[in-house]
Amino acid sequence: MALITTPGAANADSYASLADATAYHAATGNASWAAASSGDQETALRRATAWIDATYRGRWQGSRVNGRDQALDWPRYNVTDLGGWPVDYATIPAEVVNATCEAAVREVVTPFCLTPDVVIGREKILTGVKGITWTPMRAAASAADLQPVLTAVDGLLGSLLGPTPQNTTTLLRA
């Protein structure tokens, strides 16, 4: 089933087209993208788009152009980049397209890596090497604590994100 990349469409399912992703990965020398089938690539682009919306939804500036009738978070009104330049409300910004491509290649290589199922309390960290000691993660761990952080995607989207709280600390009871 072909990707639907129409900005603002009620049935859109990807920010990046197959052509966008192929060009992006060719330009960045990412051979693992070209090695995948087009079906796997399309599936990865859909999952990457869903992950980007779920991960960054609370940090986007502005509001959806077509409100709730719009399937994806972009395009958006009232968005400026870090330089103060307005972002076109009728298109998907290149930063979002490229971030989708970057996340999608990870999904091609390791399907569902962006949205792992986790059982809180069963996750362990290595705390000793000679005696190989494993310690369960803190009881207050949440699924969000175990979600992947893709610094490449964060970097690509950074100019479009709203301000984040400064000087905040999460306190946990030991």
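Report follows, based on the coordinates. (Residues numbered from 1 in each chain as written. Predicted model: local features only at pLDDT ≥ 70, side-chain atom pairs only at ≥ 80, totals over all residues. Heavy atoms only, no water.)

1. What to know about the nonpolar core
Among the nonpolar cores identified, the biggest contains 35 residues, and Trp33, Trp51, Ile52, Tyr56, Trp74, Val153 and Leu157 are the most heavily contacted of them. Of all the secondary structure elements, the ones that give two or more residues to this core are helix H1 (18–27), helix H3 (38–56), helix H4 (94–109) and helix H5 (151–157). Looking at which element gives the most residues to this core, the answer is H4, with eight residues. When residues no more than four places from it in sequence are discounted, the contact partners of Trp51 are Tyr56, Ala103, Leu114, Thr115, Pro148, Leu150 and Val153. (Core = buried A, V, L, I, M, F, W, Y, C linked by side-chain atoms within 4.5 Å. Buried < 20%, exposed > 50% of the residue type's maximum accessible area, 1.4 Å probe, protein only. Helix = DSSP H or I, 4+ residues; strand = E, 2+ residues; numbered from the N terminus. Contact = heavy atoms within 4.5 Å.)

2. Some remarks on the environment of Ala48
Mapped onto the elements of the fold, Ala48 is located in helix H3. For the pair Ala48 and Asp13, spaced 35 residues apart in the sequence, the C-alpha separation amounts to 9.9 Å. Apart from residues lying up to four places away in sequence, Ala48 is in contact with Thr100, Ala103, Ala104 and Leu114.

3. Let's talk about the pattern of salt bridges
Taken as a whole and assessed by the stated rule, the structure comprises six salt bridges. Across the salt bridge formed by Arg57 and Asp53, the nearest N and O atoms sit 4.0 Å from each other. Of the residues examined, Arg57 reaches a relative accessible area of 43% and is grouped as partly exposed. Three or more residues joined by partner-sharing salt bridges are found here, namely Asp53, Arg57, Arg64 and Asp73. (Salt bridge = Lys/Arg side-chain N within 4 Å of Asp/Glu carboxyl O.)

4. Observations concerning H3
For H3, which comprises 19 residues, the first-to-last C-alpha distance of 27 Å matches the rise-based estimate of 27 Å (1.5 Å per residue) to within 8%. Gln41, Glu42, Ala44, Leu45, Ala48, Thr49, Trp51, Ile52, Asp53 and Tyr56 are the residues of H3 that are buried. Residues of H3 that are buried make contact with H1, helix H2 (31–35), H4 and H5. (Expected span 1.5 Å × (residues − 1).)

5. Digging into unusual backbone geometry
Residue Trp74 is joined to Pro75 through a cis peptide bond whose omega torsion reads 10°. By secondary structure assignment, the location of Pro75 is in the loop between strand E1 (63–64) and strand E2 (76–77). Even without a glycine there, the phi angle at Asn78 is positive, about 55°. Relative to the elements of secondary structure, Asn78 occurs in the loop between E2 and H4. Phi at Phe112 is positive, roughly 70°, even though this residue is not glycine. Along the chain, Phe112 turns up in the loop between H4 and strand E3 (124–128).

6. Some remarks on the side chain of Thr49
Along the polypeptide, Thr49 turns up in helix H3. Within polar-contact distance, the side chain of Thr49 engages the backbone nitrogen of Tyr15 at 3.1 Å. Beyond its immediate stretch of four places on either side in the chain, Thr49 contacts Asp13, Ser14, Tyr15, Leu72 and Thr100. (Polar contact = N/O pair within 3.5 Å; in protein donor to acceptor, adjacent residues only side chain to side chain.)

The analysis is restricted to geometry; functional conclusions fall outside its scope.
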